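Here is how the chains run, residue by residue.
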Amino acid sequence: MKLEKHKLEKLNQSILKEHQRKFDFLATDIKDVESVIKKLIDFQIAIPSWALGTGGTRFGRFAGGGEPRSLEEKIEDIGLLHALNKSSGAISLHIPWDIPENTSSIKTLAAKHDLKFDAMNSNTFQDQPDQKLSYKFGSMQHVSKDVRKQAIKHNIEVIKYGIELGSKALTVWLSDGSCFPGQLNFRRAFQNTLESLQEVYAALPDDWKMFVEYKAYEPNFYSTTVGDWGQSLLYASKLGAKAYTLVDLGHHLPNANIEQIVSLLLMEGKLGGFHFNDSKYGDDDLTVGSIKPYQLFLIFNELIEGMDAKGMNHANDLAWMIDASHNVKDPLEDLLQSVEAIMITYVQALLVDRKKLTDVQNNNDVVTAQEILQHAFRTDVRALVAESRLRSGGALNPLSVYRTEKLRENLIKQRGSKNIAIGL
Ligand code: RM4
Ligand code: MN
Ligand code: MN
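Small disclaimer: the values here were computed from a predicted structure and weren't measured.

## Comments concerning the overall build of the protein chain
Scanning the protein chain for helices and strands turns up 15 helices and 13 strands. What you see for the protein chain is a C-alpha radius of gyration of 22 Å, in line with the 22 Å of a compact globule of 424 residues. Seen through its principal axes, the protein chain has C-alpha atoms that stretch 65 × 60 × 40 Å. In the protein chain, buried positions account for 54% of the 424 residues. Total accessible area computed for the protein chain in this model is approximately 19700 Å², and 53% of it derives from carbon and sulfur atoms. Taking the 50 positively charged and 54 negatively charged side chains of the protein chain as two groups, their mean positions are separated by 2 Å.

Here it is in structure tokens:
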């Protein structure tokens, strides 16, 4: 389904005056506002193919309506998001949930919507119906060499799909670990995993990156074989220059200082990618910025500081992805909110007076340091984000266009109200 350009423009027109007033007011206080807008326009966030259907919990799933029934329809949904916000110009695929049957037509469809293929995700945390050996006791860590081989083979296949689509990265998230003390020899599990990852790494094209994603617990509840950033960094360092750590915001133990983790990974040149979401308790996969917006700001603050210190390009040198999915909102509305939260926080982090912050840090002026950070965090930058969308041809208010144009209702008419999206 396509959003008609003239309708979007008409809706923009109806709130343009009000927007202009807010933007002008904000712009007078911002140094070099044009370069901030340029950075915002360039900043794109990949949408995971598994976030387009209503998520569920282990207790049930309440499907919305008009969910995408195929990879093509998922791409169309992301195309719709991108037409609205101009900041969702990439898709991150999960194999085997989204096997591209015909890569060239998938590529053409994505290009039509101005979408790139971000990191490919492999899946050795579920058994597939046609699979020979089970991952019940792990995949790359498994005590059986044959199971490990099967997992390696799958990852190499994912790379092949990615090459055909023009992706440049593989994300490996392993659910491997143990549920009970004594179940696993930690050292052997680590070594098996490392050897398996090394084989996958050897199949990686020269211009590709490999992201090793960590997670503290779930589905294993006693130990996880890539359980934290230390373990991930250990694998990534042993693997080589193309391997990096991937930080998923929901994968830490409660109250972990994620901003410090980010800062040190950047210092080591080993931060590769990011999965945005928010959480109250564990891997809740809630809308970005819905629970702890200040934490997100502090993380972005370190991202910008650390990337600038290394002369990195904000838009391209890290893989920015959303990894969220839940059960009560319309997934497309939820994703619009997540992208908006990321853009808002990105600008706020750009507004931090870094020179002044360094000076006060050097003088141990703790109070002023807090004032500087909170001044940026408390600036309402929504009009700036809206302005960047307007300039790239998107909607001033994507959510309101989505509702006014009854986009979900149209999807339901097209696809039906009972279908369940493929994937999770
Ligand atoms: C995991 C992890 C992975 C994601 C799966 C679906 O918890 O976050 O990144 O691919 O969920
Ligand atoms: Mn993730
Ligand atoms: Mn997760």
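## Topic: the packing of aromatic side chains
A complete count under the given rule lists 18 aromatic pairs for this structure. Judged by centre distance (6.0 Å) and plane angle (20°), the ring pair of Phe300 and Trp320 falls under stacked. Of this pair, Phe300 sits in helix α9 (residues 293-309) while Trp320 sits in strand β13 (residues 319-322), placing them 20 residues apart in sequence. Take Phe300: its relative accessible area is 0%, and that puts it in the buried class. For the cation-ring pair, Lys209 lies above Tyr244, with the distance from its terminal atom to the ring centre recorded as 5.2 Å. The ring of Tyr244 has Lys270 lying over it, and the distance from NZ or CZ to the ring centre is 5.5 Å.

## Thoughts on the coordination of the manganese ion (ligand 3)
The manganese ion (ligand 3) binds to the protein through His251 (NE2) and Asp283 (OD); the donor distances cover 2.2 to 2.3 Å. Separation of the manganese ion (ligand 3) from the manganese ion (ligand 2) amounts to 3.9 Å. Taken together, the residues span a long stretch of sequence, with His251 in the loop between β11 (243-248) and α8 (258-267) and Asp283 in the loop between β12 (271-276) and α9 at a distance of 32 residues. A single burial state applies to His251 and to Asp283, both of which are buried.

## Quick word on the coordination of the manganese ion (ligand 2)
When a metal carries six donors in an octahedron, the ideal angles between them are 90 or 180 degrees, while four donors in a tetrahedron ideally lie at 109.5 degrees. Protein coordination at the manganese ion (ligand 2): the donors are Glu213 (OE), Asp248 (OD), His275 (ND1) and Asp323 (OD), at 2.1 to 2.2 Å from the metal. Between the six donor atoms coordinating the manganese ion (ligand 2), the angles at the centre fall across 71 to 165°, so the site counts as octahedral. Here the donor residues for the manganese ion (ligand 2) map to a single chain with the spacing E-x34-D-x26-H-x47-D.

## Focus on the site of ligand 1
Around ligand 1, the structure places Trp50, His94, Trp173, Glu213, Lys215, Asp248, His251, His275, Asp283 and Asp323. A distance of 3.0 Å separates an oxygen atom of ligand 1 from a polar atom in the side chain of His94. In the model, an oxygen atom of ligand 1 is placed 2.7 Å from a nitrogen or oxygen of the Asp323 side chain. Contact with the protein chains hides 93% of the accessible area of ligand 1, taken as 300 Å² for the molecule alone. Its residues assigned to classes, the shell around ligand 1 comprises two nonpolar, three polar and five charged.

## Structural notes on unusual backbone geometry
Following Ile95, the chain continues to Pro96 via a peptide bond in cis, the omega torsion being 15°. With respect to the helices, strands and loops of the structure, Pro96 is situated in the loop between β4 (90-92) and α4 (103-112). Of the consecutive residues Glu218 and Pro219, the connecting peptide bond is found in the cis state with omega at 5°. Considering the arrangement of structural elements, one finds Pro219 in the loop between β9 (209-213) and β10 (223-224). Unlike most non-glycine residues, Asp32 shows phi in positive territory, near 50°. Locating Asp32 in the fold gives a position in the loop between α1 (5-27) and α2 (33-42).

## Describing the packing of helix α5 (residues 145-165) against helix α6 (residues 186-202)
The contact between α5 and α6 brings their axes to 9 Å, and the two run at 35°. For the element pair α5 and α6, the recorded crossing hand is right-handed. Counted together, Arg148, Ile152, Asn155, Ile156 and Ile159 of α5 and Asn192, Ser196, Glu199 and Val200 of α6 form the full contact between these two elements. Split by residue class, the contact of α5 with α6 holds four nonpolar, three polar and two charged.

## Regarding the environment of Leu303
Residue position: Leu303 is located in helix α9. For Leu303, a relative accessible area of 0% corresponds to the buried category. Placed 116 residues apart in sequence, Leu303 and Asn419 show a C-alpha to C-alpha distance of 39 Å. With sequence-adjacent residues up to four places away left out, Leu303 is seen in contact with Val262, Leu266, Leu271, Phe274, Leu318 and Trp320.

## Quick look at helix α7 (residues 229-239)
Listing the buried residues of α7 in full gives Ser232, Leu233, Tyr235, Ala236 and Leu239. The buried residues of α7 occupy an angular sector of 160° when projected down its axis, which confines them to one face. Of the surrounding elements, those touching the buried residues of α7 are α6, β9, β11 and α8. Sitting at the head of α7, Asp228 places a side-chain oxygen 3.1 Å from the backbone nitrogen of Gly230. Phi for Gly240, located one or two positions after α7, is positive at around 135°.

## Here's the deal with the pattern of salt bridges
Two side chains with opposite charge may pair up if their charged atoms get near one another. All told, the structure shown has 20 salt bridges when counted by the stated rule. In this structure, the salt-bridge partner of Arg415 is Glu73, at a minimum N-O distance of 3.4 Å. With Arg415 in helix α15 (residues 407-415) and Glu73 in helix α3 (residues 71-85), this residue pair connects regions lying 342 residues apart in the sequence. Exposure class is identical for Arg415 and Glu73. Each is buried. Here Asp98 makes a salt bridge to Lys74, at a shortest N to O gap of 2.6 Å.

Each value, and the rule that gives it
- Residues numbered from 1 in each chain as written.
- Chains lettered and ligands numbered in written order.
- Predicted model: local features only at pLDDT ≥ 70, side-chain atom pairs only at ≥ 80, totals over all residues.
- Heavy atoms only, no water.
- Helix = DSSP H or I, 4+ residues; strand = E, 2+ residues; numbered from the N terminus.
- Rg over C-alpha atoms; globule rule 2.2 N^0.38 Å.
- Buried < 20%, exposed > 50% of the residue type's maximum accessible area, 1.4 Å probe, protein only.
- Areas by Shrake-Rupley, 256 points an atom, 1.4 Å probe, with all protein chains shown as cover.
- Lys, Arg positive; Asp, Glu negative; His and termini not counted.
- Charge placed at Lys NZ, Arg CZ, Asp CG, Glu CD.
- Phe/Tyr/Trp six-rings, centres within 6.5 Å; stacked < 30°, edge-to-face > 60°.
- Lys NZ or Arg CZ within 6 Å of the ring centre and 35° of its normal.
- Donors = N, O, S within 2.8 Å, 3.2 Å for Na, K, Ca; no water.
- Tetrahedral: all angles 85-135°; square planar, octahedral: opposite > 155°, others 65-115°.
- Near = heavy atom within 4 Å.
- Polar contact = N/O pair within 3.5 Å; in protein donor to acceptor, adjacent residues only side chain to side chain.
- Nonpolar A, V, L, I, M, F, W, Y, C, P; charged D, E, K, R; others polar.
- Axes fitted to C-alpha atoms, helices over the stretch in contact; angles between N-to-C directions.
- Left-handed = near helix turned anticlockwise from the far one by under 90°.
- Contact = heavy atoms within 4.5 Å.
- Arc of directions from axis to C-beta.
- Salt bridge = Lys/Arg side-chain N within 4 Å of Asp/Glu carboxyl O.

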